[in-house]
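Chain by chain, the residues run as shown.
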Amino acid sequence: MGLAYRADVDGLRALAIVPVVLFHIHLSAFPGGYVGVDIFFVISGYLITAILFREMKAGRFSLLDFYDRRIRRIFPALFVVLVATTLAAVFIMVPSDLLLYARSLRATTLFFSNIYFSKNLNYFQPEADLNPLLHTWSLAVEEQFYIIFPLLLFALIRWVRPNLLRPIILVLIVASLAHAEIRLSRNPIESFFSLPTRAWELLIGSALALGLVPLVTPRKGAFLSLAGLALIVAAIAFYDRHTRFPGLAALAPCLGAALILHGGASGANGMVQRMLASPVPVFFGRISYSLYLWHWPLLVLLAYYLGRRLSSTEGLMVAALSVGLASLSLFYVEAPFRKARRPGASRWAPVWAGGAAMALVVAFALTAIARDGRFWPMSDFARQADALARAQDPFMSWCSAPLSGPMRMPTRPECVIGKSAPMSEPTSEPASAQASAAAFGAVPEQAAAPAFDVLLWGDSHASSLMAGLGEAATKAGASIRLVMLPACPPLNGVVTLHESIKGLERQCPAFNRGVLELIGETRPKLVVMAGRWLPWTTLPSGFAIRDGNDRYLSVEEARAAFVRGLTHNVDVVTRLGIPVVLVGQVPEVGYSPPHCITRAAFSGADTSHCLAQDRAKAMAGLAYSNEVLLDLAKRNPLVTTVLLSDRFCGKETCPTMEAGELLYRDPNHLSVAGSRMAAAFIDLAGVLRAAAGAQQAAGQGTGQAPPPAIR
């Protein structure tokens, strides 16, 4: 049984979908446009609960009929988009990317894509822009909710006294919201995608539909609607990728949507209702579901095909195309299937048809996974590049400090390589060979990290050096331990914000303090500091720095903070008499060489443009940090600075391949081959000999160590 049509509800859908689309095309005027999804959740909870409640009170509720309506509402447009997206992906995606797509396709079809993405992706990170099905996480949340909620509501109405309904729903809302806020601190990615952390948003709509909030006069309803609109506009305008979300921050758009719905239900006919019920918002509201489905795959696939981020103009053109496809989808896909069953038609027909569609799509996804994403022939060179593009740095998972919860220094024995490094079983291979193997495979975890001579401290760039420096330490008869936290270089006194990694603002300062404590306790012979310095001196898109007062820093202020933070940590370590090696950042390529090669070979294009980039372009972002590192070495005799840009760049270009081996595994992280080349240039054995000489000289009372080499 349906509800009376409300044009303002369609207009509210428009207020949800338009900001989402504009946010996805990266228009700066809509930094909080992602809250449109939260508005959708409230609307969905309101409308569907109203229908369920009416049927249950009238004794006409049928779970089969409910799912029949859900299938006819959700499946047709969804599977048209999935089929079209999959066909495009097969023809333009390289195997490594098609494999990831197939895994997300399986999760989407079975409505657990939110769980899949919570374990594999961050909605706000750049890599998310490469997944054509990322937006389906919200559909999964809704469908999971509607597996549980109808049964819960039926039980409450049938077996619980009516006066208890309001407190029970209220408790569920508060519990879900509290859980969302707690999980936001402990695991922000899970909090974003999870049903338990999002259920309160749908339940707010349910509370309105159940009449748990008394209606008001039309005049008050108009005022409430105006306040609701203000809350939504404020969230869209003032929230951004760095906002702690969801949790308490999601209250603004959700309460805003609830106030508008409640104002309209109270008979309000003020400015907000008239605006939302006008033809243009109603049109966008009617196509909102199909527009949501179409716009994101089109944006992602076009950007993937072009090999770059779309401009705002291109994004708007894709948005316009999405509107056209959504209109066709509404009239020729959605509308025909929404009609009630024909008399005499089987009640199970939609269920069987929906199950068959799911089975076919899942079968293709499983086939693609089994074939490792490979449907077309590739050259040996392209296959090698594709394998490198898939490669993950195991030290990142073994040796990273936690991004949430109590700060602990990683102690896994795999994080120490050299004479004290653990071995799973006796072997005739030299330790250096084991170190290389460790870069590609797993080593059994043991109780604690063994002793070490050298501490390698930094972010993911430090981690990418570990394979090469581990081999170098072994050859030098020493051992090296890695301690790292992604996107957290060894700097003191500032709070980092990175759109791809939530939780850094709290964990990064704690991590760096913990490393200084570790150095004070263990007194290694040498400390090597490495990091991706460029963001700290250029503030690229997606990266921001705040000081202790939560104030965002300008580029000039960030550079000053970079100097202070690095100088502080260097001084603390060298005052202990421990020499420090500062490693200049490797040049950033601006693209992933293995991925570039795979795509070029896949499409039959020349791969030469993937093998080098212009030196001036590569060095532009490194000049300031290189200068700071050199200056620290000049001022402190216990500091050695090694500029990797001197090794990885020639006079005119910076090669990405040497001696037939690719040096990078992505735009700015070294491959194992690149790590070995960097380690040879750092010359760990020579630095250790110089450090031993310096400490011996200091012990003999010379008063000053010999100056280090500066490269």
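Reading the values: rules and limits
Residues numbered from 1 in each chain as written. Predicted model: local features only at pLDDT ≥ 70, side-chain atom pairs only at ≥ 80, totals over all residues. Heavy atoms only, no water. Pairing = 2+ DSSP bridges. Helix = DSSP H or I, 4+ residues; strand = E, 2+ residues; numbered from the N terminus. Axes fitted to C-alpha atoms, helices over the stretch in contact; angles between N-to-C directions. Contact = heavy atoms within 4.5 Å. Expected span 1.5 Å × (residues − 1). Buried < 20%, exposed > 50% of the residue type's maximum accessible area, 1.4 Å probe, protein only. Right-handed = clockwise from strand over helix to strand, strands pointing away. Parallel < 35°, antiparallel > 145°, perpendicular 65-115°, else oblique. Phe/Tyr/Trp six-rings, centres within 6.5 Å; stacked < 30°, edge-to-face > 60°. Lys NZ or Arg CZ within 6 Å of the ring centre and 35° of its normal. pLDDT = per-residue confidence, 0-100. Salt bridge = Lys/Arg side-chain N within 4 Å of Asp/Glu carboxyl O.

Draft legend 1. View of the sheet that holds strand β9 (residues 639-643). Spatial ordering of the open sheet is given by β1-β3-β2-β5-β7-β9, a layout of six strands whose pairing is mixed. Looking along the sheet, the strands with just one partner apiece sit at the ends: β1 (416-418) and β9. Averaged over neighbouring strand pairs, the angle between their axes works out to 20° when direction is ignored. Strand direction decides the pairing type here: strand β7 (residues 580-584) and β9, joined by five bridges, are parallel. For Leu-582, the partnering residue across the bridge sits in β9 and is Thr-641. Along the sheet face, helix α20 (residues 460-475) touches β1, β2 (454-458), β3 (479-484), β5 (526-530) and β7 and points at about 175° away from the line of β3.

Draft legend 2. Inspection of helix α21 (residues 504-522) at higher detail. Between its terminal C-alpha atoms α21 stretches 26 Å, which fits the 27 Å expected from 19 residues at 1.5 Å a residue. Turning to α21, its buried residues are Leu-504, Gln-507, Cys-508, Pro-509, Ala-510, Phe-511, Asn-512, Gly-514, Val-515, Leu-516, Leu-518 and Ile-519. Immediately beyond the C-terminal end of α21, within one or two residues, lies Arg-523, with a positive phi of roughly 45°.

Draft legend 3. Representation of the pairing of β2. Across the five residues that make up β2, a large majority, five, are buried. Of the two faces of β2, the one carrying Val-454, Leu-456 and Gly-458 and the one carrying Leu-455 and Trp-457 are both buried. Sheet analysis places β2 next to β3, joined by five bridges and oriented parallel. Within the sheet, the bridge partner assigned to Leu-456 lies in β3 and is Leu-482. For the handedness criterion, the β-α-β arrangement of β2, α20 and β3 is classed as right-handed. Pairing of β2 with β5, which is carried by five bridges, proceeds in the parallel orientation. The residue of β5 that forms the bridge with Val-454 is Leu-526.

Draft legend 4. Representation of the packing of helix α3 (residues 63-92) against helix α14 (residues 288-306) in the model. It is at 10 Å that the axes of α3 and α14 come closest, and there the two elements cross at 5°. Taken together, the axes of α3 and α14 are roughly parallel relative to one another. Along its contact with α3, which presents Arg-73, Ile-74, Ala-77, Leu-78, Val-80, Val-81, Ala-84, Thr-85, Ala-88 and Ile-92, the element α14 presents Tyr-289, Ser-290, Leu-293, Trp-294, Pro-297, Leu-301, Tyr-304 and Tyr-305.

Draft legend 5. Fine view of the environment of Ala-678. By the element assignment, Ala-678 lies in helix α28 (residues 672-682). Separated by 210 residues in the primary sequence, Ala-678 and Gly-468 have C-alpha atoms spaced 7.2 Å apart. Beyond its immediate stretch of four places on either side in the chain, Ala-678 contacts Leu-465, Leu-644, Phe-648 and Leu-670.

Draft legend 6. Representation of the packing of aromatic side chains in the model. A full pass over the atoms with the stated rule returns 24 aromatic pairs. For the pair Phe-145 and Tyr-146, a centre-to-centre distance of 5.1 Å together with 80° between the ring planes defines the contact as edge-to-face. What makes Tyr-146 buried here is its relative accessible area of 1%. Note on Phe-145 and Phe-149: the rings are 4.9 Å apart at their centroids and 15° apart in plane angle, and the pair reads as stacked. Remark: Phe-149 and Phe-145 occur in helix α6 (residues 137-159); sequence separation between them is four residues, near one turn of the helix. The class for Phe-149 is buried, based on a relative accessible area of 3%. Here a set of aromatic residues connected by ring pairs shows up, and it is made of Phe-41, Tyr-116, Phe-117, Trp-137, Phe-192 and Phe-193. Its end group placed over the ring of Phe-192, Arg-198 keeps NZ or CZ at 4.7 Å from the ring centre.

Draft legend 7. Seen up close, the confidence of the model for the chain. Per-residue confidence for the chain gives a mean pLDDT of 86, with 89% of residues at or over 70. A low-confidence stretch, residues 421-447 (pLDDT under 50), is modelled with 40 contacts involving residues beyond four sequence positions or located in other chains. Below a pLDDT of 50 lies the segment residues 700-708, which in the model reaches eleven contacts outside its immediate sequence neighbourhood of four places, other chains included.

Draft legend 8. Summary view of the pattern of salt bridges. Tallied over the entire structure, the rule returns 25 salt bridges. Salt-bridge contacts for Arg-532 lead to Glu-588; the nearest nitrogen and oxygen are separated by 2.6 Å. Residue Arg-532 is found in the loop between β5 and α22 (534-538), and its partner Glu-588 is found in the loop between β7 and α24 (593-602); the two are separated by 56 residues along the sequence. Residue Arg-532 is classed as partly exposed on the basis of its relative accessible area of 22%. Taking relative accessible area as the criterion, Glu-588 reaches 16% and is therefore assigned buried. With its nearest N and O atoms 3.3 Å apart, the salt bridge here joins Arg-635 to Asp-631. Separated by four residues within a single helix, Arg-635 and Asp-631 lie in helix α26 (residues 623-635), roughly one turn from each other. Of the residues examined, Arg-635 reaches a relative accessible area of 52% and is grouped as exposed. The exposure class of Asp-631 is partly exposed, given its relative accessible area of 39%. The structure contains a network of salt bridges with shared partners spanning Asp-372, Arg-374, Asp-386 and Arg-390.

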